[in-house]
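One letter stands for each residue in the lines below.
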Amino acid sequence: QVQLVESGGGLVQPGGSLRLSCAASGSILKTNVMGWYRQAPGKQRELVATVTSGGSTNYADSVKGRFTISRDNAKNTEYLQMNSLKPEDTAVYYCNLKQVRALNIDDYWGQGTQVTVSS
């Protein structure tokens, strides 16, 4: 089992910045993909960004150039630096970790952290 604990959400004005963190613990394999997803009220959960254990990143078009995902493999922690925040970025942000074990994909989620962008 893997446990994911997010931190860093909150209320910020449009144009502001926030940094989310997600600490993973438990049975973590060396090769995995960590990511951030978000879910706004009345909408489906959507991908924000992912980063592999090798450092390759992927972003949703809506956040490219504003958000940066990174990770510290030694600490099993990932980060999401969010700049130039917009009201439409308001959502619950979820940390995710995927890894392959015995040909099965293990898929773990954090409890979510609220990000609210409002003046």
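Attention in this report is confined to the structure presented alongside it. (Residues numbered from 1 in each chain as written. Predicted model: local features only at pLDDT ≥ 70, side-chain atom pairs only at ≥ 80, totals over all residues. Heavy atoms only, no water.)

Re the state of the cysteines
Summed over all chains, the structure comprises 1 disulfide. One disulfide in the model links cysteine 22 with cysteine 95; its S-S distance is 1.9 Å. Taking the torsion about the sulfur-sulfur bond, which here is approximately -75 degrees, the covalent link between cysteine 22 and cysteine 95 counts as left-handed. With a gap of 73 residues between them, cysteine 22 in strand β3 (residues 18–26) and cysteine 95 in strand β9 (residues 91–101) connect regions that are remote in the sequence. The residues cysteine 22 and cysteine 95 share a single accessibility class, namely buried. (Disulfide = S-S within 2.5 Å. Helix = DSSP H or I, 4+ residues; strand = E, 2+ residues; numbered from the N terminus. Buried < 20%, exposed > 50% of the residue type's maximum accessible area, 1.4 Å probe, protein only.)

Description of the environment of proline 14
Its place among the elements puts proline 14 in the loop between β2 (10–12) and β3. Those residues in contact with proline 14 that sit more than four places away from it in its chain are Leu85, Pro87, Val117, Ser118 and Ser119. (Contact = heavy atoms within 4.5 Å.)

Observations concerning the packing of aromatic side chains
One pass over the full model with this rule turns up 1 aromatic pair. Geometrically, the ring pair formed by tyrosine 37 and tryptophan 109 is edge-to-face, given 5.0 Å between the ring centres and 65 degrees between the ring planes. One end of the pair, tyrosine 37, is in strand β4 (residues 33–39); the other, tryptophan 109, is in strand β10 (residues 104–109), with 72 residues separating them in the sequence. On the accessibility criterion, tryptophan 109 (34% relative accessible area) is partly exposed. For arginine 19, the ring lying beneath its charged end belongs to tyrosine 79, and the centroid distance is 4.1 Å. Across from the ring centre of tyrosine 94, 3.8 Å away, lies the NZ or CZ of arginine 45, which sits over that ring. (Phe/Tyr/Trp six-rings, centres within 6.5 Å; stacked < 30°, edge-to-face > 60°. Lys NZ or Arg CZ within 6 Å of the ring centre and 35° of its normal.)

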